[in-house]
Amino acid sequence: MDPLYLTSITCICCESTYKTSRVRPSFKKPSGRDTDFCSHYKTEFNPDFYVVRVCPRCGFSATESGKTAMTTAQKHLYQETLGSRWTYRDYGGTRTKEQALECYKLALICSGIIDEKERVIAGILHHIAWLYRYENLKEQELRFLRHALDAYVAVFETESGSLNNAKLMYLIGELNRRIGEPNAAVKWFSRVVNDKRIEDASMIRACRDQWQLLREQQQFGDHYEDEPTAMNA
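About the criteria used
- Residues numbered from 1 in each chain as written.
- Predicted model: local features only at pLDDT ≥ 70, side-chain atom pairs only at ≥ 80, totals over all residues.
- Heavy atoms only, no water.
- Helix = DSSP H or I, 4+ residues; strand = E, 2+ residues; numbered from the N terminus.
- Rg over C-alpha atoms; globule rule 2.2 N^0.38 Å.
- Buried < 20%, exposed > 50% of the residue type's maximum accessible area, 1.4 Å probe, protein only.
- Contact = heavy atoms within 4.5 Å.
- Areas by Shrake-Rupley, 256 points an atom, 1.4 Å probe, with all protein chains shown as cover.
- Lys, Arg positive; Asp, Glu negative; His and termini not counted.
- Charge placed at Lys NZ, Arg CZ, Asp CG, Glu CD.
- Phe/Tyr/Trp six-rings, centres within 6.5 Å; stacked < 30°, edge-to-face > 60°.
- 1 Å grid on protein atoms, 1.4 Å probe; cavity = no way out; pocket = protein on both sides within 12 Å on 5 of 7 lines; lining within 4 Å.
- Points joined across faces, edges and corners; volume = space filled by probe spheres on them.
- Expected span 1.5 Å × (residues − 1).
- Nonpolar A, V, L, I, M, F, W, Y, C, P; charged D, E, K, R; others polar.

J.: I tried to follow the overall build of the protein on my own but got confused; where do I start?
T.: Along the protein, the regular secondary structure elements total 7 helices and 7 strands. Ordered by position from N to C terminus, the α and β elements of the protein give β-β-β-β-β-β-α-α-α-α-α-α-α-β. What you see for the protein is a C-alpha radius of gyration of 19 Å, in line with the 17 Å of a compact globule of 233 residues. Summarising its shape, the C-alpha atoms of the protein cover approximately 55 × 40 × 35 Å along the three principal directions. Within the protein, buried positions represent 48% of all 233 residues. Across the protein, every contact between residues at least 6 apart in sequence was considered, and the portion connecting residues at least 24 apart equals 62%. A total of about 12300 Å² of accessible surface is found on the protein, and carbon and sulfur atoms cover 49% of it. Placing the 32 positive and 31 negative side-chain charges of the protein at their respective mean positions leaves the two points 4 Å apart.

Right, dumping it as structure tokens:
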């Protein structure tokens, strides 16, 4: 069985219909997962490579979590900013890591044009950091982790009432840990552990584990490692 299958998408910008690839559920079994939820796969068919949908005709790119419609003004702005320079490109088949990165960066540009929700932008930035992690490009990974962290904090400040606060706070703490901000990381981990209203046992446990890891790192002067873990959260 082919790990990929095609699904039809209608572009919210130019309204054309195109095909984009997805990974079949039976192939979405990671061999490991990092403590910021980055999954690793033994096969070349990483589901994260196919999250972004790119319209071959106009180039508008987004994830399935993005907006479902654009205003006329947004369509005009997109055309002026990127669409007028776009040449036909089809990302509908198998994607390499390089092509996946191109797709995410296109989605990042488009999300700015249409004033996408901060949580969607945060996810795009975080995925870009993961793609650089796969290539062991530490400087670029940390750069985008910082951008993702800023976006997640903005999400917490504006949207936290409708989201899993424990998971979001854990993630903010973990990204702080990964970029070398231990004091900020402890602040967020402790908020989850000490808030009696939080009942998410897996996130409480994860925060305790990373808090303990920070203590050990500070004791021995170690920096974080990209350790894949069997996180179930």
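J.: Is there a simple way to explain the packing of aromatic side chains in this structure?
T.: Aromatic ring pairs: the centre-centre distance and the angle between the two ring planes describe each pair. Here the structure, examined in full by the defined rule, presents 6 aromatic pairs. Their ring planes at 80 degrees and their centres at 5.6 Å tell us that F60 and Y78 sit as a pair that is edge-to-face. Of this pair, F60 sits in the loop between β5 (53–54) and β6 (61–62) while Y78 sits in helix α1 (residues 72–81), and the two are 18 residues apart along the sequence. Residue F60 shares its accessibility class with Y78, and that shared class is buried.

J.: Before we go on, may I ask you to explain the layout of surface pockets in this structure?
T.: Empty space left among the atoms is revealed by rolling a probe the size of a water molecule over them. Put simply, the largest pocket is a space of about 940 Å³. As for the largest pocket, its lining consists of 32 residues, and the residues nearest its centre are S65, G123, H127, W130 and Y152. At the level of secondary structure, the elements contributing two or more residues to the lining of the largest pocket comprise β2 (17–23), α3 (118–134), α4 (138–159) and α5 (165–178). In terms of residue count, α3 provides more of the lining of the largest pocket than any other element does, 7 residues in total.

J.: Whenever I open this one, helix α2 (residues 97–113) confuses me. Can you help?
T.: Turn by turn, an α-helix covers 3.6 residues, leaving residues three or four places apart pointing in a common direction. The end-to-end C-alpha distance of α2, which contains 17 residues, comes to 25 Å, matching closely the 24 Å that a straight helix rising 1.5 Å per residue would cover. Within the sequence span of α2, burial applies to A100, L101, C103, Y104, L106, A107, C110, S111 and I113. Considering only its buried residues, α2 is in contact with β5, β6, α1 and α3. Residue D115 follows α2 closely and has a positive phi angle near 55 degrees.

J.: Can you help me understand unusual backbone geometry in this one?
T.: With the exception of glycine, the majority of residues adopt a negative phi angle, and the majority of peptide bonds are in the trans configuration. For F37, which is not glycine, the phi dihedral falls at a positive 80 degrees. The topology assignment puts F37 in the loop between β3 (32–34) and β4 (39–40). One non-glycine residue, D115, lies in the positive phi region at around 55 degrees. Relative to the helices and strands, D115 resides in the loop between α2 and α3.

J.: Looking at this structure, how should I read empty space enclosed by the protein?
T.: On inspection of all chains with the given rule, the structure shows 1 cavity of 30 Å³ or more. Space inside the largest cavity adds up to approximately 50 Å³. Around the largest cavity, the lining residues are F60, S61, A62, T63, G66, A107, C110, S111, I114, E116, V120 and I124. Those elements that provide at least two residues to the lining of the largest cavity are β6, α2 and α3. Class assignment of the residues belonging to the lining of the largest cavity gives a composition of 7 nonpolar, 4 polar and 1 charged.

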